[in-house]
Amino acid sequence: MTVTEPTAPAKPGFNLGEGPGRLLVWLYGVFTVAAASRSIVQMILDFGRAPLAYVLSAVAAAVYAFITYSLVRGGPAARRAALVCCAAELAGVLVVGTWTLVAPSAFPDATVWSDYGMGYLFIPVILPVTAMVWLRRAAQPRTA
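Only a predicted model underlies this, so the values are computations on that prediction, with no experimental measurement involved.

A. The arrangement of unusual backbone geometry in detail. A positive phi angle, close to 50 degrees, is found at Asp-115, a residue other than glycine. For Asp-115, the location among the structural elements is in the loop between helix H3 (76-102) and helix H4 (123-139). For Phe-122, which is not glycine, the phi dihedral falls at a positive 65 degrees. Examined against the element boundaries, Phe-122 turns out to sit in the loop between H3 and H4.

B. Representation of the state of the cysteines. In the structure shown here, the tally under the stated rule is zero disulfides. Cys-86 forms no disulfide, and the closest cysteine sulfur to it belongs to Cys-85, at a distance of 6.9 Å. Among the residues examined, Cys-86 registers a relative accessible area of 0% and is labelled buried.

C. View of the nonpolar core. Residues Tyr-28, Tyr-64, Ile-67, Leu-71, Cys-86, Val-112 and Trp-113 are the most contacted members of the largest nonpolar core, which totals 32 residues. Contributing elements (two or more residues each) for this core: helix H1 (20-46), helix H2 (51-73), H3 and H4. Look past the residues within four positions of Cys-86 in its chain and what remains in contact with it is Tyr-28, Ile-67, Pro-128, Ala-131, Met-132 and Leu-135.

D. Spotlight on the packing of H2 against H3. Direction vectors running N to C along H2 and H3 enclose 155 degrees, while the axes themselves pass 9 Å from each other. The angle between H2 and H3 falls in the class roughly antiparallel. Viewed along their axes, H2 and H3 form a crossing whose handedness is left-handed. In this structure, H2 contributes Leu-52, Leu-56, Val-63, Tyr-64, Phe-66, Ile-67, Ser-70 and Arg-73 to the contact, and H3 contributes Ala-78, Ala-81, Ala-82, Cys-85, Cys-86, Glu-89, Val-96 and Trp-99.

E. Inspection of a nonpolar patch on the surface at higher detail. Taken together, the side chains of Ile-40, Val-41, Ile-44 and Leu-45 define a hydrophobic patch exposed on the protein surface, amounting to about 430 Å² of accessible area. The exposure class of Ile-44 is exposed, given its relative accessible area of 66%.

F. Just H1, in detail. With 27 residues, H1 extends 38 Å from end C-alpha to end C-alpha; this agrees with the ideal 39 Å at 1.5 Å per step. Taken together, the buried positions of H1 are occupied by Gly-21, Leu-24, Val-25, Leu-27, Tyr-28, Phe-31, Thr-32, Ala-35, Ser-39 and Gln-42.

G. Spatial organisation of the packing of aromatic side chains. Applying the stated criterion across every chain yields a total of four aromatic pairs. Judged by centre distance (5.0 Å) and plane angle (85 degrees), the ring pair of Trp-99 and Phe-107 falls under edge-to-face. Pairwise contacts between aromatic rings join Tyr-28, Phe-31, Tyr-64 and Tyr-120 into one cluster.

Criteria and cut-off values
Residues numbered from 1 in each chain as written. Predicted model: local features only at pLDDT ≥ 70, side-chain atom pairs only at ≥ 80, totals over all residues. Heavy atoms only, no water. Helix = DSSP H or I, 4+ residues; strand = E, 2+ residues; numbered from the N terminus. Disulfide = S-S within 2.5 Å. Buried < 20%, exposed > 50% of the residue type's maximum accessible area, 1.4 Å probe, protein only. Core = buried A, V, L, I, M, F, W, Y, C linked by side-chain atoms within 4.5 Å. Contact = heavy atoms within 4.5 Å. Axes fitted to C-alpha atoms, helices over the stretch in contact; angles between N-to-C directions. Parallel < 35°, antiparallel > 145°, perpendicular 65-115°, else oblique. Left-handed = near helix turned anticlockwise from the far one by under 90°. Patch = residues over 30% accessible without salt bridge, like charges linked within 9 Å, V, L, I, M, F, W, Y side chains within 5 Å. Areas by Shrake-Rupley, 256 points an atom, 1.4 Å probe, with all protein chains shown as cover. Salt bridge = Lys/Arg side-chain N within 4 Å of Asp/Glu carboxyl O. Expected span 1.5 Å × (residues − 1). Phe/Tyr/Trp six-rings, centres within 6.5 Å; stacked < 30°, edge-to-face > 60°.

If you want it as structure tokens, here you go:
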């Protein structure tokens, strides 16, 4: 007769706000405040100068805020929503970054995503990739 050892049940995935997730929440929170405050001030003081750039910064702030909320909320639905939003964020950074290099005259003033986030140490292009990796890892069950 063969005796088998019981296998430990898989533990649920990581809490999105623990470990590196806390750093992501913090960074997305900082970028929410930075992009929102920048775009609000620019739209109030000089909207006619570069409306496209200022509106795109406001869109970036909304995306960052939603991702921050999703990371804090946690759970499978929030994780999926954050993944989709991070993919959209990355697409936005790549499109706007390329657009600012190809047609700089369209952007008399910089956005958060201009030149792939060069004004923000390229964090806008690195952050969504890092977040998507963390979100995918957090979804996988852990073994004991």
